[in-house]
Amino acid sequence: MNTFVTLSTRQRMPVIGLGTWKSTSGQVKQAVHTALECGYRHFDCAAAYENEKEVGEALALWVGPGKALQREEVFVTSKLWNTKHDPQDVEEACRTSLADLGLSYLELYLMHWPIAFQRGKELMPRKEDGSICYSDTHYRDTWTAMESLVDRGLVKAIGLSNFNARQTDDISMARHKPIVNQVQLHFSALLNAIHILGVCVTAYSPLGSGDRPWASANEPSLLADPRLGAIAQRYKKTPAQVILQWHIQRGVVCIPKSVTPSRIQQNLNVFDFSLSEEDTKSIESFNHNKRFIAPTVEVKRVWRDAEHPHFPFHDAY
C-alpha cells in the first residue's frame, strides 16, 4: 500500500500527517518530536494555530544539514489566515510563517477559509456586539496574490481549505491551480466533486475532533459508534485506525491531531491491513449529514460566519 499520494505538481505527499490544530504551547514541540521519531514526514500547520514557532523548534532538531533528515524528506503545510486575504498582506503572512517554522520554503500553502476578515493583527476582529468584522476581499483576488508565492519560490504549491465544490471549481482555471482542498470529509459527494477537478483531498479532523471548542454533549461521537467498534474488532485495530484506513483507500490524505505518544504511533500504523469492500460501504453509511467543524455561536446555535457571501457550507458539498 502506498504511503503517499502523487500530487499534480509531482510532489509526493505522505497520506498520514500530524495535525497541529489545538496542540497547545508546551505540547506541540514534543508531539512533533515524537511524530518524527515514529516516522511521520508530513506536518500540517497554520498561522491561526499560534504554535508554528514551537513546530519550527522541533523541526530544527531533526531537519537540515548534518541532521537526521534532509529538508526534502519532510512535507510541511501552512495556511493563510482570514485577516491576511488582502493581496498586499499575502506575502508578508507567508514569510512570517516561514520565519516561525524556520524554513526557507513550504511544500504547500493553503487559503484557510474562503471568508475574508477585516485586515489587522487581531486574529478574530469583532464589532461591539461580538460579531466578526468581515472584509469584502474576494478569494479570487487573494488567490492571485498566492500565485506569486509560487513564482518567488516561497512555496512549492498552493491550495485551499474549507472551500466547497463550487468555490473549488471557481479557482480551478487559475494560472497556478489548487492542488489540494483540505476539508472536513466524511461523505463521498464532496470527495467525488473535488477529485473530478483534479484536486487532491486532505481530511482534517478525520477522527471527529471530539475536543473542538464548540462541541456539545448531545452530538454523535464518531469513534464511539458501536458499528465502527465491531468492524475494528474484526481487524484487531482501533476505531481510529479503521477510519484512517477507510479514508486512505478512497485516496484521501489524513492529518489526525494528537499529543499522546501512543496515539501518534497508532495513527501511523495503518498500512498493514485493508478494509473489505463491504466494510468500506458500511462505514460510508454511518454519515449523519452533520458538519463538526463549522464554528458556531450561542443564543440560538448558528454557524458563526453564515451571513458572509463566501460562506462555504450553504452548498450541500
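The shown structure was predicted, so the numbers you read here are calculated from the model rather than taken from an experiment. (Residues numbered from 1 in each chain as written. Predicted model: local features only at pLDDT ≥ 70, side-chain atom pairs only at ≥ 80, totals over all residues. Heavy atoms only, no water.)

Let us look at the packing of aromatic side chains. Per the counting criterion, the structure on display carries eight aromatic pairs. A centroid spacing of 5.9 Å and a plane angle of 70° characterise the contact between Trp113 and Phe313, whose relative ring orientation is edge-to-face. Linking Trp113 in the loop between strand S6 (108-111) and helix H4 (139-151) with Phe313 in the segment after strand S12 (302-303), this pair joins segments that are 200 residues apart in sequence. By relative accessible area, Trp113 is classed as buried at 9%. Clustering of aromatic rings is evident, with ring pairs tying together Trp113, Trp303, Phe311 and Phe313. The aromatic ring of Phe4 is capped on one face by Arg12, whose charged end is 3.7 Å from the ring centroid. Directly above the aromatic system of Trp21 lies the positively charged group of Lys22, at a separation of 4.4 Å from the ring centroid. (Phe/Tyr/Trp six-rings, centres within 6.5 Å; stacked < 30°, edge-to-face > 60°. Helix = DSSP H or I, 4+ residues; strand = E, 2+ residues; numbered from the N terminus. Buried < 20%, exposed > 50% of the residue type's maximum accessible area, 1.4 Å probe, protein only. Lys NZ or Arg CZ within 6 Å of the ring centre and 35° of its normal.)

Attention now goes to the packing of helix H3 (residues 87-101) against H4. Relative to each other, H3 and H4 sit at 40°, their axes nearing to 8 Å. Our classification of the angle between H3 and H4 gives oblique. Relative to H4, H3 is oriented so that their crossing is right-handed. In this structure, H3 contributes Pro87, Val90, Glu91 and Cys94 to the contact, and H4 contributes Asp141, Thr142, Ala145, Met146 and Leu149. For the contact of H3 with H4, the residue count by class is six nonpolar, one polar and two charged. (Axes fitted to C-alpha atoms, helices over the stretch in contact; angles between N-to-C directions. Parallel < 35°, antiparallel > 145°, perpendicular 65-115°, else oblique. Left-handed = near helix turned anticlockwise from the far one by under 90°. Contact = heavy atoms within 4.5 Å. Nonpolar A, V, L, I, M, F, W, Y, C, P; charged D, E, K, R; others polar.)

The next thing to look at is helix H8 (residues 239-249). Counting buried positions along H8 yields nine of eleven residues, so the element is predominantly enclosed. All buried positions along H8 are accounted for by Ala240, Gln241, Val242, Ile243, Leu244, Gln245, Trp246, His247 and Ile248. Where H8 is buried, its residues contact strand S9 (200-204), helix H7 (226-235), strand S10 (253-255), helix H9 (261-268) and helix H10 (277-284).

Let us now look at the side chain of Glu52. Mapped onto the elements of the fold, Glu52 is located in helix H2 (residues 52-62). Among buried charged residues, Glu52 stands out as having no salt bridge; its nearest opposite-charge side chain is Lys79, 7.3 Å away. When residues no more than four places from it in sequence are discounted, the contact partners of Glu52 are Cys45, Ala46, Ala47, Ser78, Ser97, Asp100 and Leu101. (Lys, Arg positive; Asp, Glu negative; His and termini not counted. Salt bridge = Lys/Arg side-chain N within 4 Å of Asp/Glu carboxyl O.)

Residues of helix H1 (residues 28-38) that are buried include every one of Val28, Ala31, Val32, Thr34, Ala35 and Leu36, and no others. Looking at the buried positions of H1, the neighbouring elements they touch are strand S3 (18-19), strand S4 (42-44), H2 and H9. One or two steps after H1, the chain reaches Gly39, where phi turns positive at roughly 115°.

A few words now on the UniProt feature "active site" (unreviewed entry) in the protein. Under the present numbering, the feature "active site" (unreviewed entry) in UniProt falls on Tyr49. In this structure, Tyr49 sits in the loop between S4 and H2. Ignoring anything within four residues of it in the chain, the contact list for Tyr49 reads Thr20, Trp21, Asp44, Lys79 and His112. (UniProt positions renumbered as here; feature names shortened; annotations may be inferred.)

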